[in-house]
Amino acid sequence: MEKNTEKKNRSYESYLTKNRENYLNRIQQDYEVFQETKTFNYPSWLYGEPKGKLFKVEVEDSPSFGDTAYLEFDSGRTAFLIIDMQTDFCGEQGYVNVMGYNLSLTAAPIKPIKKMLDAVRETDITVIYTREGHEPDLSDAPYNKVLRSKIIGNGVGIGEEPEGGLGRLLVRGEENWDIIDELYPEPGDFVVDKAGKGAFGSSNIHMVLKNLGITHLIIAGITTDVCVHTIMREANDFGYWCMMLKDSVGATDYGNHLAAIKSVKMQGGVFGNVSDSDKVIEALKDAQIK
């Protein structure tokens, strides 16, 4: 029997067609604007009129490596998201230190993040922190995660206190679990506690962002290739506009750090965009945002 290769016209709930057409028309319009301006404009048709002031930040390698584009933010719908800047990840006697990694790599983002905080706290941009850690009884700590940590820590893992340590590793409430003093939250900031490398599946971060009306995230913290990357991927899947600051993130391995940044830029920014703290601060000054 000859195979029927004729395409069949298929329909599925045809009343939905108009919505799809409207959506694709908006995409086409914004595509044409981008071709002219190289700017990902703030889409007021999608989010409503800006709550704050608009500002544009230069982003690199978008849509192709070597290209320069711009991402437009509404300051009133933007959060500066600082991921896991805890003693456990960048301080003495913390989890990363016990595992034997070079702390200078995970501590490298401290100064640029502090510089960003000083600039952002003069504006209406929201500051949000995340902290990774587990309940004191480890009821939310996966078995394989804890076992692996004990192996790599030469007998001291999550839930245990190293000799001369500050407390039990990655346990909520312990001194080493908290955010470092140099970047400690101030009144009005938000802190989201998470039990995993990501946040959208192990915390209430999505609800917090929605309640605050956030649409755009400026992302910093540690580690570039693990928690930062995981959260950026999650946020991107939920439709948040994500911009990683390459000088404000760090990893336990510098090669992994560079690879993680590069992977964000694939496919024209598959997980978001990449910029740096100086470009953001310059954009805020240019827009005279207070």
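Everything in this summary refers to the structure shown in the same document. (Residues numbered from 1 in each chain as written. Predicted model: local features only at pLDDT ≥ 70, side-chain atom pairs only at ≥ 80, totals over all residues. Heavy atoms only, no water.)

A separate point is the environment of Gly198. Among the structural elements, Gly198 can be located in the loop between strand S6 (190-194) and helix H8 (205-212). Between the alpha carbons of Gly198 and Asn22 there is a distance of 34 Å; along the sequence they are 176 residues apart. Leaving out residues up to four positions away in the same chain, Gly198 has contacts with Thr230, Ile231 and Glu234. (Helix = DSSP H or I, 4+ residues; strand = E, 2+ residues; numbered from the N terminus. Contact = heavy atoms within 4.5 Å.)

Moving on to H8. By the burial criterion, the buried members of H8 are Ile205, Val208 and Leu209. Summarising the axial view, the buried residues of H8 lie within an arc of 95°, below the 170-degree limit, and thus occupy one face. Summarising the geometry of H8, the exposed residues directed more than 90 degrees from the buried face are Met207 and Asn211. Contact partners of the buried residues in H8: strand S4 (78-83), strand S5 (126-132), S6 and strand S7 (216-222). (Buried < 20%, exposed > 50% of the residue type's maximum accessible area, 1.4 Å probe, protein only. Arc of directions from axis to C-beta.)

Before going further, it helps to spend a moment on the layout of surface pockets. Taken as a whole, the largest pocket holds about 690 Å³ of empty space. Looking at the largest pocket, it is lined by 26 residues, and the ones nearest its centre are Ile27, Asp30, Phe40, Asn41 and Trp241. Within the residue set of the lining of the largest pocket, elements represented by two or more residues are helix H1 (17-37), strand S1 (39-40), helix H2 (44-47), strand S8 (241-250) and helix H10 (254-269). Sorting elements by how many residues they give to the lining of the largest pocket places H1 first, with 7 residues. Looking at side-chain class alone, the lining of the largest pocket contains 15 nonpolar, 9 polar and 2 charged residues. Approximately 280 Å³ is the volume attributed to the second largest pocket. Forming the boundary of the second largest pocket are 15 residues, of which Phe89, Tyr95, Met99, Thr223 and Val226 lie nearest the centre. Those elements that provide at least two residues to the lining of the second largest pocket are helix H4 (95-98), helix H7 (143-152) and helix H9 (224-237). Grouping the amino acids of the lining of the second largest pocket by side-chain chemistry returns 8 nonpolar, 2 polar and 5 charged. (1 Å grid on protein atoms, 1.4 Å probe; cavity = no way out; pocket = protein on both sides within 12 Å on 5 of 7 lines; lining within 4 Å. Points joined across faces, edges and corners; volume = space filled by probe spheres on them. Nonpolar A, V, L, I, M, F, W, Y, C, P; charged D, E, K, R; others polar.)

Attention now goes to the side chain of Arg131. Residue position: Arg131 is located in strand S5. Of the polar contacts made by the side chain of Arg131, one reaches the side chain of Asp178; its length is 3.0 Å. Side chain to side chain, Arg131 and Asp193 meet in a polar contact 2.7 Å long. Discounting residues that sit within four places of it in the chain, Arg131 has contacts with Asp84, Gln86, Trp177, Asp178, Ile179, Val191, Val192, Asp193 and Lys194. (Polar contact = N/O pair within 3.5 Å; in protein donor to acceptor, adjacent residues only side chain to side chain.)

Attention now moves to the environment of Thr17. With respect to the helices and strands, Thr17 occurs in helix H1. Put simply, Thr17 and Val192 are 175 residues apart on the chain and 39 Å apart in space, counted from C-alpha to C-alpha.

Turning next to the packing of aromatic side chains. Enumeration according to the criterion identifies 7 aromatic pairs in this entry. Ring geometry for Phe89 and Tyr95: centres 6.4 Å apart, planes at 80°, overall edge-to-face. An identical accessibility class is assigned to Phe89 and Tyr95; each is buried. Considering the side-chain rings of Phe200 and Phe238, the 5.2 Å spacing of their centres and the 15° angle between planes classify their relative orientation as stacked. Of the two residues, Phe200 is situated in the loop between S6 and H8 and Phe238 in the loop between H9 and S8; the sequence distance between them amounts to 38 residues. On the basis of relative accessible area, Phe200 is assigned to the buried category, the value being 13%. Through a chain of ring-to-ring contacts, the aromatic side chains of Phe34, Phe40 and Trp241 assemble into a single cluster. (Phe/Tyr/Trp six-rings, centres within 6.5 Å; stacked < 30°, edge-to-face > 60°.)

Once that is clear, we can look at the packing of H9 against H10. H10 packs onto H9 with a crossing angle of 20° between their chain directions and a minimal axis gap of 9 Å. In terms of orientation, H9 and H10 fall into the roughly parallel class. Of the two possible hands of crossing, H9 and H10 adopt the one that is right-handed. Here H9 contributes Thr224, Asp225, His229 and Met232 to the contact with H10, which in turn contributes Asn256, His257, Ala260, Ile261, Ser263 and Val264. For the contact of H9 with H10, the residue count by class is 4 nonpolar, 5 polar and 1 charged. (Axes fitted to C-alpha atoms, helices over the stretch in contact; angles between N-to-C directions. Parallel < 35°, antiparallel > 145°, perpendicular 65-115°, else oblique. Left-handed = near helix turned anticlockwise from the far one by under 90°.)

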